[in-house]
Amino acid sequence: MKKNLLILFFLTTLPYYALAQLSTSAWYDGYWGEWKEQYSRYTGVCYYSLFGNYSGFTVYNRSDHPSNYSLKFQISSYTPPSKEMIKYHYKNNIPFEYSGIVEYFVSESYPSIKSALKSWGFTLVKNGDNDSYKRTVNATIKISPYKKSPKCYTLIFDDVAIGLDLGTWEFKQ
């Protein structure tokens with residue numbers, strides 16, 4: 001009986017935990033860092049939430065309002081690729097490449113995105129922090145080939161890159 005209840009509990013909580021996956025990696029000084037899962041190993045809850053869609057989204061601390069984001073990007077003039085184009089890119093392992101903008105925050109403690117990445121592996125300075133100020137920069141945004149929906153983004157800007165792996169995250173269409 002206990003075993004059945006445990007299995008039932010696991011199956012009913014699985015979608016919640018599966019949805020809350022985000023891994024990040026940072027590139028600077030010519031090297032990629034390791035992928036870091038952005039969730040608590042004790043509770044299984046992701047530190048961050050995403051708001052937006054596949055052409056751009058906001059990354060914010062799950063305990064905050066989306067307006068208190070730490071990173072935001074938007075692809076300029078995004079048109080979803082055709083099924084044939086998705087298949088071609090996937091078969092040939094060619095990323096989709098776009099132009100866009102990235103917004104992030106810096107502070108006195110972390111005066112550049114590179115300093116934040118070197119300290120934390122991700123940007124922790126957010127809108128609403130006392131000494132934060134926003135930077136908006138042009139970026140190259142690459143989306144790794146996919147079958148169903150985009151899962152892995154690379155944002156290249158200000159002599160750094162941030163990789164975002166959405167795991168099983170799905171945006172509502």
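All of the points below concern the structure found in this document. (Residues numbered from 1 in each chain as written. Predicted model: local features only at pLDDT ≥ 70, side-chain atom pairs only at ≥ 80, totals over all residues. Heavy atoms only, no water.)

With that out of the way, let us pick up the overall build of the protein. A count of helical and extended segments in the protein gives three helices and 10 strands. Shown N-terminal to C-terminal, the secondary structure of the protein runs as helices and strands in the order α-β-β-β-β-β-β-α-β-α-β-β-β. Sorting the 173 residues of the protein into buried and exposed places 39% on the buried side. Here the contacts in the protein between residues at least 6 apart in sequence split such that 57% fall between residues at least 24 apart. Entry remark: accessible area of the protein is about 10,600 Å², with carbon and sulfur atoms responsible for 55%. (Helix = DSSP H or I, 4+ residues; strand = E, 2+ residues; numbered from the N terminus. Buried < 20%, exposed > 50% of the residue type's maximum accessible area, 1.4 Å probe, protein only. Contact = heavy atoms within 4.5 Å. Areas by Shrake-Rupley, 256 points an atom, 1.4 Å probe, with all protein chains shown as cover.)

Glycine aside, residues mostly have negative phi angles, and peptide bonds mostly take the trans form. The backbone of Asn93 sits at a positive phi, close to 55°, despite the residue not being glycine. With a relative accessible area of 60%, Asn93 lands in the exposed category. Positive phi values are uncommon outside glycine, yet Asp158 reaches one of about 45°. Its location among the elements puts Asp158 in the loop between strand 9 (152-157) and strand 10 (160-165).

This paragraph deals with the pairing of strand 9. In terms of burial, strand 9 is largely enclosed, as five of its six residues are buried. For strand 9 and strand 10, the ladder comprises six bridges, and the chain directions are antiparallel. Counterpart to Phe157 in the pairing with strand 10 is Val160. Following strand 9, the chain reverses through two residues before pairing antiparallel with strand 10; Asp158 in that reversal takes a positive phi of roughly 45°. (Pairing = 2+ DSSP bridges.)

Within the largest apolar cluster, 33 residues are counted, with the highest numbers of intra-cluster contacts made by Phe57, Leu71, Val102, Tyr153 and Phe157. Every element with two or more residues in this core is listed here: strand 4 (48-53), strand 5 (56-61), strand 6 (69-75), strand 7 (96-106), helix 3 (113-120), strand 8 (133-143), strand 9 and strand 10. With five residues, the top contributor of residues to this core is strand 7. If sequence neighbours within four positions are ignored, Val102 has contacts with Leu71, Lys72, Phe73, Arg135, Thr136, Val137, Ala139, Leu155 and Phe157. (Core = buried A, V, L, I, M, F, W, Y, C linked by side-chain atoms within 4.5 Å.)

Before going further, it helps to spend a moment on the pattern of salt bridges. Counted according to the given criterion, the structure contains six salt bridges. Glu97 serves as the salt-bridge partner of Lys142, at 3.9 Å between the closest nitrogen and oxygen. One end of the pair, Lys142, is in strand 8; the other, Glu97, is in strand 7, with 45 residues separating them in the sequence. Under the relative-accessibility criterion, Lys142 is labelled partly exposed at 28%. Given the relative accessible area of 53%, Glu97 is considered exposed. Salt-bridge contacts for Lys151 lead to Glu170; the nearest nitrogen and oxygen are separated by 2.8 Å. Taken together, the residues Lys151 in the loop between strand 8 and strand 9 and Glu170 in the segment after strand 10 connect sequence positions 19 residues apart. (Salt bridge = Lys/Arg side-chain N within 4 Å of Asp/Glu carboxyl O.)

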